[in-house]
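A look at the structure
Below, each chain spelled out in residue letters.
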Amino acid sequence: MGNCFINHGFTFFMLGVWMAINIFLFVWFYFFYDLGDQFFYTRHLLGSALAWARAPAAVLNFNCLLILLPVCRNLLSLIRGSFVCCSRTMRKQLDKNLSFHKLVAYMIALMTAVHVIAHLLNVEWYNNSRLGVYDKLSTALSNLEDTDNTTYLNPIRKIDVHPQQIPTFLVFTTIAGLTGVIITLALILIITSSMEVIRRSYFEVFWYTHHLFIIFFAGLVFHGAGRIVRSQQTTDPPHNFTFCKDRSDDWGRIPQCPVPQFAGGFPQTWMWVIGPMILYICERLLRFIRYLQTVRYRKIVMRPSKVLELQLEKNGFKMEVGQYVFLNCPAISQLEWHPFTMTSAPEEDFFSVHIRSAGDWTNKLIEIMQHLPEGTPGPKMGVDGPFGTASEDVFDYEVSMLVGAGIGVTPFASILKSIWYKFKDSDPKLRTKKIYFYWLCRETHAFEWFADLLQVLEKEMEERGMGDFLTYKLYLTGWDQSHATHVMVNFDKDTDVVTGLKQKTNYGRPNWDKEFTQIRNENPTSVVGTFLCGPVILGKVLAEKCNKYSLNFPGKTIFYFNKENF
């Protein structure tokens, strides 16, 4: 339990604070509407559904305030990189921005469902009260007119249509009803298109549908303007509901019972969301400005396994290791932006990305680049970024464990290149004493584009007498019989038949228990940063191993888990 707290303690604390605020808002507003004297007559018409509608609305306001903040990438990068007070623990929370974004979205979906169901019941009870189905007091309250001397309580004012059509008429002719329908439909489309299977297979559907958030927030701002939930107002002389509730015939006839006055509450949602909306608008303006900046191609290279390498240049562009950028190619789509980790080092005068064929957009981009006439510049490219990730912190640990799966090796290419430059320049600021690098691939061709860098590093370490600084292990997880035969025939060679490196390729998947035990034994008093760029399943395994092999007392090895998130 203590080991788990090392890696996730602050996360649990932040989630606990978030959940506590949600619970507090729900309970506070539930009892405010369920016990408040000003809502006595409103509760008489609606019962407990009033509180069940308003309490989720308060929680929705709070979470709609939060939902945009985790996707303000420039804001997060500013917090991560500019403030000295942003500790390693805090930066780890920033790396989980998308997980928090999803969690807030789930809360919004849940509270919307409760809010909608409660209001559907409210509409039905409003309608029945207006038609005189219930008791005398409900009928009297529903018959109050909106004149100079009285104000209404029941929002259903039109009854000269078929009784079954009245609720529909209310929903589609009032501000609250119409915006509520629009908000709910937009939210349903946003959430359903965000499912993993759709996001992975039909990214364009996810991308375009997600922009319905503009309609969602616009509807949200105007939703409360209908003031459909009304409360009793103070009058002179006062209307004492305890005395007057059974004397509706005497309302306005005796001094003790003036006609009760009602008014809708002041809209508050816009006050919750206006700040994040302004921040997000600034975010999008900054992205647009970056899009207009000229990007030049330095080199376009097709690597094995349908991997495209783009070397790009842009005035004023500065990066750190492990950061990523968003790319936009107007020749494919004006609106689509896709994230790619940079494989270049900060010490280089250009930045590069490696793009694997993994969907319609990447396939079209690779096809365009393959058919470019020689000497022709590539299509216009928009670049937004760079943005910080967990891998930025790799040099903050004295020992780093890097794990990449497939194209997930890209952030570590940047890190390993930067290490080579730091050794070349004898950088005294390099704190890292040891790096363990693991790369898992399904096919042999995937190793080819990266093997050259490893060969240079391998040679550099040997020449400087620091062969132990970098320990790397490559794992091939898929092979056929012909490859196995080729390996057996060339088993006694000094270099690996797949990569040409002195370190031989391993076959199958790593035994993580063995690897973590070895690292702990070799670094008995160190803080080890474990970094992953790869699938969620592998992330769960490594997070579990970090917890398992951290010795939670002074002077012993501690593993901190970090994962790339886009």
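Here is what the cut-offs are and how they apply
- Residues numbered from 1 in each chain as written.
- Predicted model: local features only at pLDDT ≥ 70, side-chain atom pairs only at ≥ 80, totals over all residues.
- Heavy atoms only, no water.
- Helix = DSSP H or I, 4+ residues; strand = E, 2+ residues; numbered from the N terminus.
- Buried < 20%, exposed > 50% of the residue type's maximum accessible area, 1.4 Å probe, protein only.
- Contact = heavy atoms within 4.5 Å.
- Areas by Shrake-Rupley, 256 points an atom, 1.4 Å probe, with all protein chains shown as cover.
- Phe/Tyr/Trp six-rings, centres within 6.5 Å; stacked < 30°, edge-to-face > 60°.
- Lys NZ or Arg CZ within 6 Å of the ring centre and 35° of its normal.
- Disulfide = S-S within 2.5 Å.
- Pairing = 2+ DSSP bridges.
- Axes fitted to C-alpha atoms, helices over the stretch in contact; angles between N-to-C directions.
- Parallel < 35°, antiparallel > 145°, perpendicular 65-115°, else oblique.
- Nonpolar A, V, L, I, M, F, W, Y, C, P; charged D, E, K, R; others polar.
- Left-handed = near helix turned anticlockwise from the far one by under 90°.
- Core = buried A, V, L, I, M, F, W, Y, C linked by side-chain atoms within 4.5 Å.
- Lys, Arg positive; Asp, Glu negative; His and termini not counted.
- Salt bridge = Lys/Arg side-chain N within 4 Å of Asp/Glu carboxyl O.
- Polar contact = N/O pair within 3.5 Å; in protein donor to acceptor, adjacent residues only side chain to side chain.
- Expected span 1.5 Å × (residues − 1).

Topic: the overall build of the chain
- What the chain contains, in helices and strands, is 20 helices and 14 strands.
- Counting across all 566 residues of the chain, residues that qualify as buried make up 50%.
- At a minimum sequence separation of 6, the contacts of the chain that also span at least 24 residues come to 74%.
- Approximately 28000 Å² of the chain is accessible, and the part contributed by carbon and sulfur atoms is 61%.

Brief notes about the packing of aromatic side chains
- With the rule as written, the count across this model stands at 30 aromatic pairs.
- Measuring from ring centre to ring centre gives 5.7 Å for Phe-26 and Trp-52, while their planes differ by 65°; the resulting arrangement is edge-to-face. Here Phe-26, found in helix 1 (residues 2-35), pairs with Trp-52, found in helix 3 (residues 49-66); they are 26 residues apart in sequence, far enough to count as distant.
- A relative accessible area of 18% means that Phe-26 is categorised as buried.
- Ring centres of Phe-32 and Phe-39 lie 5.7 Å apart, and the angle between their planes is 70°; on these two criteria the pair is classed as edge-to-face.
- You can call Phe-32 partly exposed: its relative accessible area is 34%.
- On the accessibility criterion, Phe-39 (6% relative accessible area) is buried.
- Site record: aromatic cluster; members linked through ring pairs are Phe-40, Tyr-41, Phe-241, Trp-251 and Phe-262.
- Over the ring of Phe-326 we find Arg-73; its NZ or CZ atom is 3.6 Å from the centre of that ring.

Observations concerning helix 11 (residues 203-210)
- Where helix 11 is concerned, the buried positions are Glu-204, Phe-206, Trp-207 and Thr-209.
- Those residues of helix 11 that are buried lie in contact with helix 9 (175-192), helix 10 (196-201) and helix 15 (360-370).

Side note on the state of the cysteines
- Taken as a whole and assessed by the stated rule, the structure comprises 1 disulfide.
- Residue Cys-244 pairs covalently with Cys-257 via a disulfide, S to S 2.1 Å. The disulfide joining Cys-244 to Cys-257 has a torsion of about -95° about its S-S bond and is therefore left-handed. Residue Cys-244 is located in helix 13 (residues 241-244), and its partner Cys-257 is located in the loop between helix 13 and strand 2 (261-264); the two are separated by 13 residues in the primary sequence. Side by side, Cys-244 and Cys-257 carry an identical accessibility label, which is buried.

Structural notes on the sheet that holds strand 4 (residues 307-313)
- Here we have 3 strands laid out as an open sheet, ordered 3-4-7, and antiparallel in their pairing. Since the sheet does not close on itself, it has two edges, and those belong to strand 3 (296-303) and strand 7 (351-356), each with one partner. Neighbour-to-neighbour, the strand axes of the sheet open up by a mean angle of 20°, direction not taken into account.
- For strand 3 and strand 4, the ladder comprises 7 bridges, and the chain directions are antiparallel. Paired with Lys-299 across the strands is Gln-311, a residue of strand 4.

Comments concerning the packing of helix 8 (residues 166-173) against helix 9
- Axis separation between helix 8 and helix 9 bottoms out at 4 Å; the angle between their running directions is 80°. Here helix 8 lies roughly perpendicular to helix 9, going by the angle between them. Between helix 8 and helix 9, the contacting residues are Val-171, Phe-172 and Thr-173 on the first element and Ile-175, Gly-177, Leu-178 and Val-181 on the second.
- Across the contact of helix 8 with helix 9, the residue classes tally to 5 nonpolar, 2 polar and no charged.

Considerations on the packing of helix 6 (residues 97-130) against helix 9
- At a minimum axis distance of 11 Å, the contact between helix 6 and helix 9 shows a crossing angle of 145°. In this structure, helix 6 meets helix 9 at a crossing whose hand is left-handed. On the side of helix 6, the interface is formed by Ile-108, Ala-109, Thr-112 and Val-116, while helix 9 contributes Thr-184, Leu-187 and Ile-191.
- Looking at the contact of helix 6 with helix 9, its residues break down into 5 nonpolar, 2 polar and no charged.

So, the nonpolar core
- The biggest cluster of nonpolar side chains holds 53 residues, and the ones touching the most others in it are Tyr-41, Ile-108, Leu-141, Phe-216, Phe-217 and Trp-251.
- Among the elements that line this core, the one with the most residues is helix 3, at 8 residues.
- Setting aside residues no more than four positions away along its own chain, Leu-141 makes contact with Tyr-41, His-44, Leu-45, Leu-153, Asn-154, Trp-251 and Phe-262.
- One finds Val-409, Ile-419, Phe-423 and Cys-441 within the second-largest nonpolar core, a separate group that totals 25 residues.

Thoughts on the side chain of Glu-336
- One can find Glu-336 in the loop between strand 5 (324-328) and strand 6 (338-341).
- No salt bridge forms around the buried Glu-336; measuring N to O, its nearest opposite-charge neighbour Lys-364 is 6.6 Å away.
- Polar contacts involving the side chain of Glu-336 include one to the side chain of His-338, which spans 2.9 Å.
- Discounting residues that sit within four places of it in the chain, Glu-336 has contacts with Phe-203, Glu-204, Trp-207, Tyr-208, Leu-327, Asn-328 and Trp-361.

What to know about the side chain of Asn-74
- Inspection of the secondary structure puts Asn-74 in helix 4 (residues 73-82).
- A polar side-chain atom of Asn-74 sits 3.0 Å from a polar atom in the side chain of Glu-283.
- What Asn-74 contacts, discounting residues up to four positions off in sequence, is Glu-283, Leu-286, Arg-287, Arg-290 and Phe-387.

What about helix 9?
- In this model, helix 9 (18 residues) spans 26 Å end to end at C-alpha, consistent with the 26 Å of a helix rising 1.5 Å per residue.
- Within the span of helix 9, buried status applies to Ala-176, Gly-177, Thr-179, Gly-180, Ile-183, Ala-186, Leu-187 and Ile-190.
- Buried positions along helix 9 lie against helix 6, helix 8, helix 11 and helix 12 (213-223).

What to know about the sheet that holds strand 6
- Strand order in the open sheet formed by 3 strands is 6-5-8, and the pairing between neighbours is antiparallel. The open sheet has two free edges, formed respectively by strand 6 and strand 8 (382-387), since each of these has just one partner strand. Each neighbouring strand pair of the sheet contributes to a mean axis angle of 30°, computed without reference to strand direction.
- Note: strand 5 against strand 6, 4 bridges, orientation antiparallel. Among the inter-strand pairings, Val-325 is bridged to a residue of strand 6, identified as Phe-340.

Honestly, it's all geometry; don't read function into it.
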